[in-house]
Amino acid sequence: MKPIQIITSRCVVLPMENIDTDQIIPARFLKVITKNGLGQWLFADWRYDRDGAPRSDFVLNQPESAGAQVLVAGDNFGCGSSREHAPWALLDHGFRAVVSTSIADIFRSNALKNGLLPVVIDPETHRRLTAHPGATVTIDLEACTITLPDQTCTSFPIDAFARNCMLRGTDELGFLLAQEEAIAAYEREFS
Amino acid sequence: MIRRTLFEKVWDAHLVRPERADTPAVFYIDLHLIHEVTSPQAFSLLRERKLRARRPERAIATMDHSTPTTPRNPDGRLSIVDTQAATQIRQLETNCKEFGIRLFALGSDRQGIIHVIGPELGFTQPGRTIVCGDSHTSTHGAFGALAFGIGTTEVAHVLATQCLLQRKPKTFAIQVEGQLPHGVTAKDLILAIIARIGIGGGTGHVIEYTGPAIRALSMEERMTVCNMSIEAGARAGMIAPDDTTFDYLAGRPEAPQGPAWEQALKAWRRLPSDEGAAYDREVTIDASSLEPMITYGTNPGMVIPIRGVVPDSSNQTTQEKSLRYMGLRPGQRLLGHPIDVVFIGSCTNSRLSDLRLAASLLKGQKVAPGVRVLVVPGSQQVKKQAETEGLDRIFREAGAEWRESGCSMCIAMNGDQVQPGQYAVSTSNRNFEGRQGVGSRTFLASPLTAAAAAITGRITDVRELLK
Ligand code: SF4
């Protein structure tokens with residue numbers, strides 16, 4: 001996992017609410033046994049037409065979206081299936097943060113474990129972001145803030161432990177493995 | 001005395017290390033369910049780190065998502081035509097063998113949708129913590145287990161340590177009063193609940209379903225309700241165990257036997273929420289006022305009573321996109337809308353009682369001309385029992401296809417697909433864009449409503465046929 005401290009990037013805006021993980025990456029692309037290369041199928045059914053040609057009216061295919069690392073989406077982003085392929089595809093495409101007024105539980109957990117930063121903000125700040133697609137924002141994970149182009153700065157909540165892992169670029173498995181003694185003691189007593 | 005909810009009792013009993021401000025709880029997992037789609041990268045991670053499965057006997061695996069459901073070859077084998085799917089299925093076999101995990105493989109008489117076989121084999125038990133790399137793990141909460149979906153990285157965590165890092169969710173009681181009217185099923189109840197609280201309404205919470213209408217449900221109906229908890233965004237859904245639960249479990253292959261059974265019963269009877277225990281949120285619903293429900297849009301919260309009209313919405317962008325996809329407009333009635341496909345199956349509604357309901361309507365009837373009807377039992381066990389009862393004959397004689405067990409058209413990964421632009425009435429749990437195939441348009445409903453649509457070729461109020 002790549003450490004994250006500060007992300008400064010233009011935003012890509014997908015204003016729809018309830019974007020489910022089946023849209024982020026459709027199920028037919030899950031017949032894989034590795035995590036690599038899923039970015040090409042990100043939002044596949046919105047991004048390509050039936051013949052596989054890019055749809056010019058979809059925001060990810062527009063030139064100003066190239067290189068953007070921040071995705072701003074409507075409420076309840078990432079609902080539905082637990083597929084971790086969704087954050088894998090977003091990361092592989094180049095996104096490093098997802099901003100919404102709320103993010104579904106399993107998606108948020110999966111995102112945190114892979115270094116994709118879930119940023120939950122208030123509806124007013126969100127409205128201002130969606131009204132200005134392409135705006136450049138700065139997300140500071142150390143300070144837990146997102147700064148808009150007009151320099152207004154809003155803080156966002158994030159679990160302290162997950163934040164530390166992301167700042168350092170370490171994963172949770174090492175921490176869990178270090179609990180071996182406590183786990184063994186629990187098993188002796190209760191299972 | 002501290003009064004605790006069912007959830008809190010199960011939560012407290014599985015804390016290896018309680019949570020602190022700077023670290024989540026180290027949370028013990030009793031049972032780990034595995035399928036072919038969300039596990040390969042987890043096993044790879046174990047190999048990379050040179051780790052073994054810590055307690056392989058606490059995991060079971062099956063293949064269900066990318067498996068074919070087409071009738072068997074004369075030699076009794078199933079042919080997997082898709083090479084990618086075949087690789088994924090072979091990989092699960094290799095992984096289970098290498099890490100010592102019990103696998104109910106394709107071809108075994110215990111194979112099936114993971115959320116169908118866990119309960120029917122008796123693995124799913126009250127008070128257990130159960131996880132799977134699959135959001136519909138919430139199904140198992142019907143037994144008073146705490147069961148939730150996880151991602152693939154967490155699958156690796158559980159394999160390697162039998163634990164997860166977790167923050168304690170909030171609690172949400174949904175009290176269901178009254179009695180379900182004739183023709184209104186557990187599926188209609190959960191769709192009505194999602195309509196009421198919204199598809200993000202349960203986010204951050206574990207729902208406990210309580211009240212007389214829940215107590216009156218069979219285990220299979222309770223599984224239908226808990227299954228779709230995730231469709232309201234909830235972490236899990238739970239129902240307190242009672243005699244219905246214990247009667248269902250008694251004698252199942254993996255359920256405790258003899259003195260161990262008596263001991264388990266004693267522990268299980270202590271699980272229900274204490275009188276007066278507090279929840280973070282509560283909602284009451286009157287079952288008696290419910291009608292058959294059907295979805296009209298592209299998420300399970302876009303749902304109306306079968307005689308209702310497609311509503312207008314406050315969020316124009318989302319609603320317009322959805323209705324354009326569905327080919328519907330606000331104010332339109334769904335009743336009488338022609339359909340192309342009926343899918344009876346999935347971890348929501350593919351158990352014996354679901355098939356019996358559908359067969360009760362289809363008996364002696366014919367599928368409407370031009371309509372394709374697919375009946376996919378949830379497991380090989382369900383298939384066998386249904387065949388013993390002659391349900392397969394009823395379906396076939398009506399003109400429906402009777403298939404092998406698996407997820408099938410619920411997720412359309414295995415070749416079973418709704419064609420672009422076609423309308424399907426489905427007993428599954430998701431009507432997302434493209435869920436049943438690229439361009440597919442899904443109406444979610446109960447097995448009764450699905451069977452009614454199969455006969456008439458249109459969206460139908462099943463109560464008309466039940467008169
Ligand atoms: S039946 Fe559908 S929802 Fe259930 S596990 Fe299979 S794919 Fe998932």
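Anyway, here's the lowdown on the structure attached to this text.

**Some remarks on the overall build of chain A**
Broken down by element type, chain A carries eight helices and seven strands. Its C-alpha atoms give chain A a radius of gyration of 18 Å, within 12% of the compact-globule value 16 Å for 191 residues. Across its three principal directions, the C-alpha atoms of chain A cover 60 × 45 × 25 Å. In chain A, which comprises 191 residues, the proportion classed as buried is 57%. Contacts in chain A between residues far apart in sequence, at least 24 positions, make up 64% of those at least 6 positions apart.

**Some words on the interface of chain B and chain A**
Opposite the 67 residues of chain B that make contact, chain A presents 51 residues. Summed over both sides, the interface of chain B with chain A buries roughly 4,900 Å², with 59% coming from carbon and sulfur. One can count eight salt bridges joining chain B with chain A. Taken together, the links from chain B to chain A amount to 26 residue pairs in polar contact (both at pLDDT 80 or more). Counting residues per element, the side of chain B that touches chain A draws most heavily on helix α5 (residues 152–161) of chain B, which supplies six residues. Of the residues that constitute the side of chain B that touches chain A, the class distribution is 24 nonpolar, 28 polar and 15 charged.

**Considering the sheet that holds strand β1 (residues 15–17) of chain B**
Taking strand neighbours across the sheet as the criterion, the three strands line up as β1-β2-β8 (chain B) in an open arrangement whose pairing is antiparallel. Taken across any chain shown, the strands that pair with only one partner, and hence form the sheet edges, are β1 and β8 (163–166) of chain B. Taking each pair of neighbouring strands and ignoring which way they run, the sheet shows an average axis angle of 40 degrees. Of the pairings in the sheet, the one linking β1(B) to strand β2 (residues 25–28) of chain B comprises two bridges and is antiparallel in character. Within β2(B), the residue paired with B:Leu15 across the bridge is B:Phe27. Across the sheet, helix α8 (residues 180–190) of chain A touches β1, β2 and β8 of chain B, and the angle it forms with β1(B) is around 145 degrees.

**Some points on the nonpolar core**
Counting residues in each nonpolar core, the largest one holds 86 residues, and the members touching the most others are A:Phe43, A:Phe77, A:Leu90, B:Phe395 and B:Phe443. Broken down by element, the residue count for this core peaks at seven residues, all from helix α15 (residues 447–456) of chain B. With 83 residues, the next largest nonpolar core counts B:Leu45, B:Met63, B:Ile214 and B:Ala287 among its residues.

**Quick notes on the site of the ligand**
Taken together, the residues surrounding the ligand are B:His65, B:Ile113, B:His115, B:Asp134, B:His136, B:Ser346, B:Cys347, B:Cys407, B:Cys410, B:Ile411, B:Asn429 and B:Arg435. The class makeup of the residues in the shell around the ligand is five nonpolar, five polar and two charged.

**Let's talk about the packing of aromatic side chains**
Residues and elements named next belong to chain B. Applying the stated rule across the entire model yields 17 aromatic pairs over all chains. With a centroid separation of 5.2 Å and an interplanar angle of 45 degrees, the aromatic rings of Phe43 and Phe99 are classed as tilted. Of the two residues, Phe43 is situated in helix α2 (residues 40–48) and Phe99 in helix α3 (residues 83–99); the sequence distance between them amounts to 56 residues. What makes Phe43 buried here is its relative accessible area of 0%. One cation-aromatic arrangement involves Arg252 over Tyr248; the distance from NZ or CZ to the ring centre is 3.8 Å.

Definitions and limits used
Residues numbered from 1 in each chain as written. Chains lettered and ligands numbered in written order. Predicted model: local features only at pLDDT ≥ 70, side-chain atom pairs only at ≥ 80, totals over all residues. Heavy atoms only, no water. Helix = DSSP H or I, 4+ residues; strand = E, 2+ residues; numbered from the N terminus. Rg over C-alpha atoms; globule rule 2.2 N^0.38 Å. Buried < 20%, exposed > 50% of the residue type's maximum accessible area, 1.4 Å probe, protein only. Contact = heavy atoms within 4.5 Å. Buried area = accessible area lost by both parts, 1.4 Å probe. Salt bridge = Lys/Arg side-chain N within 4 Å of Asp/Glu carboxyl O. Polar contact = N/O pair within 3.5 Å; in protein donor to acceptor, adjacent residues only side chain to side chain. Nonpolar A, V, L, I, M, F, W, Y, C, P; charged D, E, K, R; others polar. Pairing = 2+ DSSP bridges. Axes fitted to C-alpha atoms, helices over the stretch in contact; angles between N-to-C directions. Core = buried A, V, L, I, M, F, W, Y, C linked by side-chain atoms within 4.5 Å. Near = heavy atom within 4 Å. Phe/Tyr/Trp six-rings, centres within 6.5 Å; stacked < 30°, edge-to-face > 60°. Lys NZ or Arg CZ within 6 Å of the ring centre and 35° of its normal.

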